[in-house]
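Structural characterization, general
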Amino acid sequence: MSTEIIRNLIEIPGVWERMDRVEERLLDASQAGDDFLTEIAQHLLVAGGKRYRPVLTQLAGEFGPTRDRRLIEAGTAVELIHIGSMYHDDVMDGAHTRRGTESVNARWDNSLAILSGDFLIARASEIAATYLGMESVELLAHTYRELVTGQALELRLTGDVGHGPADHYRVIGGKTASLIRTSARLGALAADAAAETVEAVSTATWELGMVFQMTDDALDLVSTEAELGKPAGSDIRQGVYTLPVLYALRGPDGSRIRALLGREGPMTGDAVDEVIGLVTDGGYVQRVLDECRQRLARAADATAGLPDIEAREVFRRMGEFLVDRVGSVRMV
């Protein structure tokens, strides 16, 4: 989901006015008092990005009566955690690029990438403690624990064909959906939304976060390298088996897929292509998209009682776009 698409989906001027202030605040909050550390900490911030999470913070803020500095600080805090966690992810993955530029670990080294990630996450905590209150501090700490737990589980399951969908839900819930939910929840809290509104927004964006990752995983199987910016089937090559593959492993072609995945040494392109073919031809991508639609229905139910304002409609459009983008790729 590109920045342009997000802007087209969210035609609420106040959201983008606040996002301009978030951009300024991100650069201010990432100042380390040391030019060298500041340069590293800001490396991915200045590279740009969709800012999906702080946008959700501002969108959720539309449901509350208050528009003050807390919404800006909340958006800044969630993006700092997101960027800091990406620094850590790139070290674990041995990534060379991120957001179209050289990754921090590649440009400097792993130690500096880890320390800079720690610094950004620490700054998020400071911001929450200073401007958002103890409930928000606890929420961010709990969310980061979920994120780390999800990432650790994914590492433990890498290359394991024996785990099932339940484990995968725990992975994506922890590493993706938890921060997406928290981004919206913080926005609703910062805007002084009613308690039932905070819970409704949290429920809806949990489902949206799960759909965000599930459709992203599906795109890895049905898109081209030109569309993805990386080879199709990258998850398979890395031994990360997402929901369509896990379903296929339990289907009629499961033994063949298991044999392909279990070969010694790096997977060849032909083997990856065969696995992708068996998964897509077996209807497992469509099965995941159907499940995504069920999740979006639950999200719609959660927000049904919220005020009938543009922000509520935007949540619906964002979810539909996530599913439709996979379907449109498959039909091409």
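Sequence positions are assigned chain by chain, starting from 1 and proceeding in written order. The predicted origin of the model limits local features to residues at a pLDDT of at least 70 and limits the giving and counting of side-chain atom pairs to 80 or more, whereas totals for whole chains, interfaces and linings rest on all residues. For the side-chain quantities, the full set of heavy atoms in the structure was used; hydrogens and water were omitted.

1. Some remarks on the overall build of the protein chain
- Under the scheme used here, helices are H or I runs from DSSP no shorter than 4 residues and strands are E runs no shorter than 2 residues, and both carry numbers assigned from the N terminus. For the protein chain, the count of helices and strands is 18 helices and two strands.
- A principal-axis box enclosing the C-alpha atoms of the protein chain has dimensions of 55 × 50 × 30 Å.
- Exposed residues in this analysis have more than 50% of their type's maximum accessible area, buried residues have under 20%, and partly exposed residues fall in between, with area computed by a 1.4 Å probe over protein chains only. Buried positions account for 55% of the 332 residues belonging to the protein chain.
- Taking contacts inside the protein chain between residues at least 6 apart in sequence as the whole, the part at least 24 apart equals 76%.
- Carbon and sulfur atoms make up 50% of the accessible area of the protein chain, which amounts to about 14,300 Å² in all.
- Both charge centroids of the protein chain, one from 35 positive and one from 51 negative side chains, sit 3 Å from each other. For this analysis, residues touch if any pair of their heavy atoms sits within 4.5 Å. Residue exposure ignores everything except the shown protein chains as possible cover, and the areas themselves are Shrake-Rupley values with a 1.4 Å probe. Charge convention: Lys and Arg are scored as positive, Asp and Glu as negative, and His as well as the terminal groups of each chain are ignored. Working definition for charges: the position is that of NZ of Lys, CZ of Arg, CG of Asp or CD of Glu.

2. What to know about the packing of helix α8 (residues 110–132) against helix α9 (residues 134–157)
- The axes used here are C-alpha line fits, helices contributing only the stretch in contact, and every angle between their N-to-C directions lies in the interval 0 to 180 degrees. Look at α8 against α9: their axes get within 8 Å of each other, and the N-to-C directions meet at 155 degrees. Of the possible angle classes, the one that applies to α8 and α9 is roughly antiparallel. When α8 is examined against α9, the residues I121, A124, A128, A129 and L132 are found in contact with a partner set consisting of S136, V137, L140 and Y144. Throughout this description, any angle smaller than 35 degrees is read as roughly parallel, any larger than 145 degrees as roughly antiparallel, any in the 65 to 115 degree range as roughly perpendicular, and the remainder as oblique.

3. Some details on the layout of surface pockets
- In this analysis the probe radius is 1.4 Å and the grid spacing 1 Å, with only protein atoms considered; a cavity is a set of points the probe fits into but cannot get out of, a pocket is an open set with protein on both sides within 12 Å along at least five of seven lines, and lining residues have an atom within 4 Å of a point. Grid points are joined across faces, edges and corners, and a volume is the space filled by probe spheres set on the points. Considering only enclosed or pocket space, the second largest pocket measures out at about 270 Å³ in volume.
- If you go around the second largest pocket, you meet 15 residues; those closest to its centre are L296, A300, T303, F315 and R316.
- Among the elements of the structure, α11 (195–222), α17 (284–303) and α18 (310–331) are those that each provide at least two residues to the lining of the second largest pocket.
- Among the elements that take part in the lining of the second largest pocket, α18 stands out by supplying six residues, more than any other.
- Classification convention: Asp, Glu, Lys, Arg as charged; Ala, Val, Leu, Ile, Met, Phe, Trp, Tyr, Cys, Pro as nonpolar; all other residues, Gly among them, as polar. Residues belonging to the lining of the second largest pocket are distributed by class as follows: eight nonpolar, two polar and five charged.

4. Examining the side chain of Q213
- For Q213, the position within the fold is in helix α11.
- For Q213, the residues in contact, after removing those within four places along its chain, are I172, K175 and T176.

5. Comments concerning the pattern of salt bridges
- Each reported salt bridge corresponds to a side-chain nitrogen of Lys or Arg within 4 Å of a carboxyl oxygen of Asp or Glu. Overall, the coordinates contain 24 salt bridges when judged by the stated rule.
- The salt bridge partner of R70 is D68, with a shortest N-O separation of 3.0 Å.
- Note on R70: relative accessible area 22%, which makes it partly exposed.
- Residues R69 and E73 are paired through a salt bridge, measuring 2.6 Å at the closest nitrogen-oxygen approach. Taken as a pair, R69 and E73 lie in helix α6 (residues 69–93) at a separation of four residues, close to a single helical turn.
- Assessed through its relative accessible area of 42%, R69 is described here as partly exposed.
- The network of salt bridges with shared partners includes R25, D28, R69 and E73.

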